[in-house]
Amino acid sequence: MRSHPATILLLVLSLLQNQGVQPQQSCGKSLGLQKSLQRAEGLALDDAAECLRSTMAAFPNSHEVHGQLFQLLRSAGRSREAAEELTRALPPAPKDNTANLMAIIAQAWEAAGDEVKAVAAYKETTALAPKSEVAWYNLGYYHMTHGDYDSAVPAFLKSVELNPKFGKGHEAAGAVYFGQGEEEKALPYLKEAKELMPESVNTLLNYANALGKLERAVEAIAAYQAVLDVDPEHADAANKLAFFSVQACDWRDYNANFKRVSQILSDDLASNRTTRLIPFNALILPTSPSDQLLIARSHAAKHDGVKHFKHMRGRGKGDAVLKVGYLSADFRDHPMGRDLSNIIMMHRRNFAVPYAYAQNPPHEKHDGVYRQRIVENTQEFRNVNGMSDYEAASLIQQDGVEVLVDLMGYTHGARDGVLAHRPAPVQVAFKGYMSTTGSSYVTHLISD
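Basis of the calculations
- Residues numbered from 1 in each chain as written.
- Predicted model: local features only at pLDDT ≥ 70, side-chain atom pairs only at ≥ 80, totals over all residues.
- Heavy atoms only, no water.
- 1 Å grid on protein atoms, 1.4 Å probe; cavity = no way out; pocket = protein on both sides within 12 Å on 5 of 7 lines; lining within 4 Å.
- Points joined across faces, edges and corners; volume = space filled by probe spheres on them.
- Helix = DSSP H or I, 4+ residues; strand = E, 2+ residues; numbered from the N terminus.
- Nonpolar A, V, L, I, M, F, W, Y, C, P; charged D, E, K, R; others polar.
- Pairing = 2+ DSSP bridges.
- Axes fitted to C-alpha atoms, helices over the stretch in contact; angles between N-to-C directions.
- Contact = heavy atoms within 4.5 Å.

Asks: Is there a simple way to explain empty space enclosed by the protein in this structure?
Replies: Left-over empty space is what a probe sized like a water molecule reveals as it rolls over the atoms. Taken as a whole and judged by the stated rule, the model has 3 cavities of 30 Å³ or more. Size it by volume and the largest cavity reaches roughly 50 Å³. If you trace the largest cavity, you find it lined by A242, S245, V246, D250, Y254, N257, F258, L285 and P286. For the lining of the largest cavity, the secondary structure elements donating two or more residues are α14 (235-247) and α15 (254-270). Counted by class, the lining of the largest cavity contains 6 nonpolar, 2 polar and 1 charged residues.

Asks: Looking at this structure, how should I read the sheet that holds strand β1 (residues 322-328)?
Replies: Across a sheet, strands are paired by hydrogen bonds formed along the backbone, either parallel or antiparallel in direction. Across the sheet, which stays open at both edges, the 6 strands sit in the order β3-β2-β1-β4-β5-β6 with parallel pairing between neighbours. The sheet terminates laterally at β3 (380-383) and β6 (444-446), the two strands that pair on one side only. Sheet twist, expressed as the average angle between the axes of neighbouring strands with direction ignored, equals 25°. Here β1 pairs with strand β2 (residues 352-358) via 7 bridges, running parallel. In the sheet register, S328 faces β2, and the bridge partner there is A358. Against the sheet, helix α18 (residues 335-345) touches β1, β2 and β5 (426-430), its axis set at about 170° to β1.

Asks: What's the story with unusual backbone geometry in this structure? I'm lost.
Replies: Among all residues except glycine, the phi angle is most often negative; among peptide bonds, the trans geometry is most common. With phi around 60°, E215 is a residue other than glycine that occupies positive phi space. Note that E215 resides in the loop between α12 (201-213) and α13 (217-230). For N272, which is not glycine, the phi torsion reads 55° and is therefore positive. Tracing the chain through its elements places N272 in the loop between α15 and α16 (279-282).

Next up, the structure:
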C-alpha cells in the first residue's frame, strides 16, 4: 500500500521534532535581530544579503543590520549597491537613528568612489546629529584623507568643542596642523590627545614627532621614551630617541640606545625587509659607512618594480636650452630655500632654464620672501605636494626636464618615490642630504 505524500511529510516533521531539530525560522522578526545577524554570518553571499534585507525590513532602526549589510556587500566589491540600497531605506522623515544610517551610507559612497555623494552624506550626518563629536570627526577625517585640509580642521575643532575629552578629535586636529607644517599649532592638540589616550602608541608618537620637528630635543627624548614605555619594541621611537639624545649631547643611555638601534638594523637585514631605521638619523649615530649604505639601499628597494619613464636619446649640438628641475619641500625660509633662491637667479638662461617642483604647500609664516623669489625666477613653479608620486613624476616628464636635482635625499618631506619613476634622464642629488641614497635612480651626487 502506497503512502500519501502529505502523510510522508508529516512523518518527516515528526521524526525531526522527536530528534530535537526544529524547522528553520526565517530571518527577521520571527527569529529576532541578534539571531538573524548571527545566521547571516554563516550563509553564502546572496543568501546572507537576503537574510539581512529581511532583518532590515523587520528592524528598520537597527544600525547593526545596516552596517552588516554594508560590510557584506563591500567585501564583494558591491559598495555602490550597498549605498543605493541603504539610501532607499532612509525614512521619509528623520528619526532618532537616521544619523547612524546616514553615516553608514557615507562610508558606502566613499567605498564606491563617489566623492560627491560621500561628502554630501557626511555633511548630512552632521546636520542630523549636530551635537555628535563623532559625526564631525568623520566629516573631518574624510576631508583630511582626501587632501582637503582647510575643510578638515574646522570639523575636527568642532568635534573637540562639543566634547573636550574626545582624544581622537584632538589628535586629528594636531595631525592636520603638523602635516601642513604648523607644528606650533599642532602641539597643544597632540599634547591633549596623549593626556587623554596615554596608552595609544600612535598618539604618543605623534606628540614626540612634533617636538622633534620643533627641535625641542630634550622634550622629544622624554616623549620618545614614553612611547617605548608602552611599546618597548617600537623601532621608530628607539631610532629617534638615539638620534635626539646625540643631538642634545645626552650621553646617559648612549650605549644602550646604540645597542638597540644596531639590533634593529641586524634584525631587519636578516629578515630581508626595509630597515626601520631612518637613513638621515643613522648619519649621526656611530654606524659604519657600510651600514649607512645598507640602510639607504634598503629604503631605495621599496620602489623596486615601479614604472620608469623612457627617455629617447642624449643631447646633441644645437639642441634647445637645458631644462633643469629642482625637487624640494624646502622652498621656504630654510637654509635650502635661502640658498636656492640665489642659485636660481644665477642660471644662464641661454644655456639652462630652471623649473621648481614644490613638495611643501604655501605657508604665510614659513615661506618668508624666499618661496616668492623662487617663483619669480623659475620658468615654471609647480606645486606637487597633493599629487601621487606617479602624478608628480608625470608632470616633470611632460615638462621635458632633462636634469632633475633632488634637494631632499632622506630628509623630512622627501619624495624619493617621485625619483624612482625616473622622470628625467639625469637625476642628481645636491645639498640637502650629504650621503648616498643607495638607489639606482639617483646616479650623481654634487658635493665638495
